[in-house]
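Letter by letter, the chains look like this.
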Amino acid sequence: MEAAKEEERVGVRCSRRELQFLDSFVVSGEFRTRSELIREALKDFLARRAREVPEAPATTQPRTHTAPVQGNAAGSFRPEELELLTEYAELVLNGASVGDALAAIVRQGIPMEKVRTVVAEQRALVRDSAERRTKVENAGRTSQELERQGYLGP
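What counts, and where the lines are drawn
Residues numbered from 1 in each chain as written. Predicted model: local features only at pLDDT ≥ 70, side-chain atom pairs only at ≥ 80, totals over all residues. Heavy atoms only, no water. Helix = DSSP H or I, 4+ residues; strand = E, 2+ residues; numbered from the N terminus. Buried < 20%, exposed > 50% of the residue type's maximum accessible area, 1.4 Å probe, protein only. Contact = heavy atoms within 4.5 Å. Expected span 1.5 Å × (residues − 1). Phe/Tyr/Trp six-rings, centres within 6.5 Å; stacked < 30°, edge-to-face > 60°. Patch = residues over 30% accessible without salt bridge, like charges linked within 9 Å, V, L, I, M, F, W, Y side chains within 5 Å. Areas by Shrake-Rupley, 256 points an atom, 1.4 Å probe, with all protein chains shown as cover. Salt bridge = Lys/Arg side-chain N within 4 Å of Asp/Glu carboxyl O. Polar contact = N/O pair within 3.5 Å; in protein donor to acceptor, adjacent residues only side chain to side chain. Core = buried A, V, L, I, M, F, W, Y, C linked by side-chain atoms within 4.5 Å.

Topic: unusual backbone geometry
Located in the positive-phi region is asparagine 94, a residue other than glycine, with phi close to 55°. Tracing the backbone through its elements, the reader meets asparagine 94 in the loop between α4 (79-92) and α5 (98-108).

Structural notes on the environment of leucine 85
The topology assignment puts leucine 85 in helix α4. According to the relative accessible area criterion, leucine 85 is buried, its value standing at 0%. For the pair formed by leucine 85 and glycine 99, sequence separation is 14 residues and the distance between their alpha carbons is 8.8 Å. Setting aside residues no more than four positions away along its own chain, leucine 85 makes contact with Phe77, Val98, Ala101, Leu102 and Ile105.

Section: helix α6 (residues 112-148)
The end-to-end C-alpha distance of α6, which contains 37 residues, comes to 54 Å, matching closely the 54 Å that a straight helix rising 1.5 Å per residue would cover. For α6, the set of buried residues is Val115, Val118, Val119, Gln122, Leu125, Ala139, Gly140, Ser143 and Leu146. Buried residues in α6 make contact with α1 (16-27), α2 (34-52), α4 and α5. Backbone geometry just after α6 places glycine 150 at a positive phi near 95°.

Let's talk about the packing of aromatic side chains
On inspection of all chains with the given rule, the structure shows one aromatic pair. Between phenylalanine 25 and phenylalanine 31 the ring centres are 6.3 Å apart and the planes differ by 80°, which places this aromatic pair in the edge-to-face class. Pair check on accessibility: phenylalanine 25 and phenylalanine 31 agree, each one buried.

Topic: a nonpolar patch on the surface
On the surface, a cluster of nonpolar side chains totalling about 270 Å² of accessible area is made up of Val10, Val12 and Ile38. Secondary-structure assignment places valine 12 in the segment before α1.

Brief notes about the side chain of serine 24
Relative to the assigned elements, serine 24 resides in helix α1. At 2.6 Å, the side chain of serine 24 and the backbone oxygen of phenylalanine 21 are in polar contact. Setting aside anything within four residues of it in sequence, one finds serine 24 in contact with Ala139, Thr142, Ser143 and Leu146.

Some words on the nonpolar core
Among the nonpolar cores identified, the biggest contains 14 residues, and Tyr88, Leu93, Ile105 and Val115 are the most heavily contacted of them. When contributions to this core are tallied by element, the ones reaching two or more residues are α4, α5 and α6. A total of five residues in this core trace back to one element, the largest contributor, which is α4. Discounting chain neighbours no more than four positions away, the residues touching tyrosine 88 are Leu93, Ala101, Ile105, Ile110, Val115, Val118 and Val119.

Note that every value here comes from positions in space, so none of it alone points to a role or purpose.
Here is the structure:
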């Protein structure tokens with residue numbers, strides 16, 4: 001089998017509308033080329049996905065029955081701790097129960113400060129995603145304006 005080259009080409013099929021969005025970023029000067037924009041988007045996507053994957057335990061352990069934290073267990077947490085665990089379960093473990101989140105934290109020996117850090121990073125990613133969506137919506141408006149001015153074809 002032939003060794004992979006350092007850099008490979010990948011073809012991406014895009015609609016005319018998507019190309020107009022890409023071109024609006026290039027025309028605005030934010031990116032020099034479509035390829036640069038696509039590479040940056042791919043890097044962001046891969047970095048985000050890498051952060052979303054929970055760390056795998058060192059050994060495979062059989063799954064045990066888990067129940068959400070409730071009753072006395074929830075009562076033993078301070079409200080801010082329970083809120084942090086809830087956010088960790090939602091943001092980091094993709095909507096898992098608080099009990100599952102707590103079990104994962106205990107199994108992996110993650111200190112609460114690390115949980116706070118990870119939750120803060122995930123919140124920042126959510127905010128960043130919202131900002132990027134707004135930019136894309138604005139780029140759509142920009143591409144319509146560029147089309148209206150004759151820089152882009154219909």
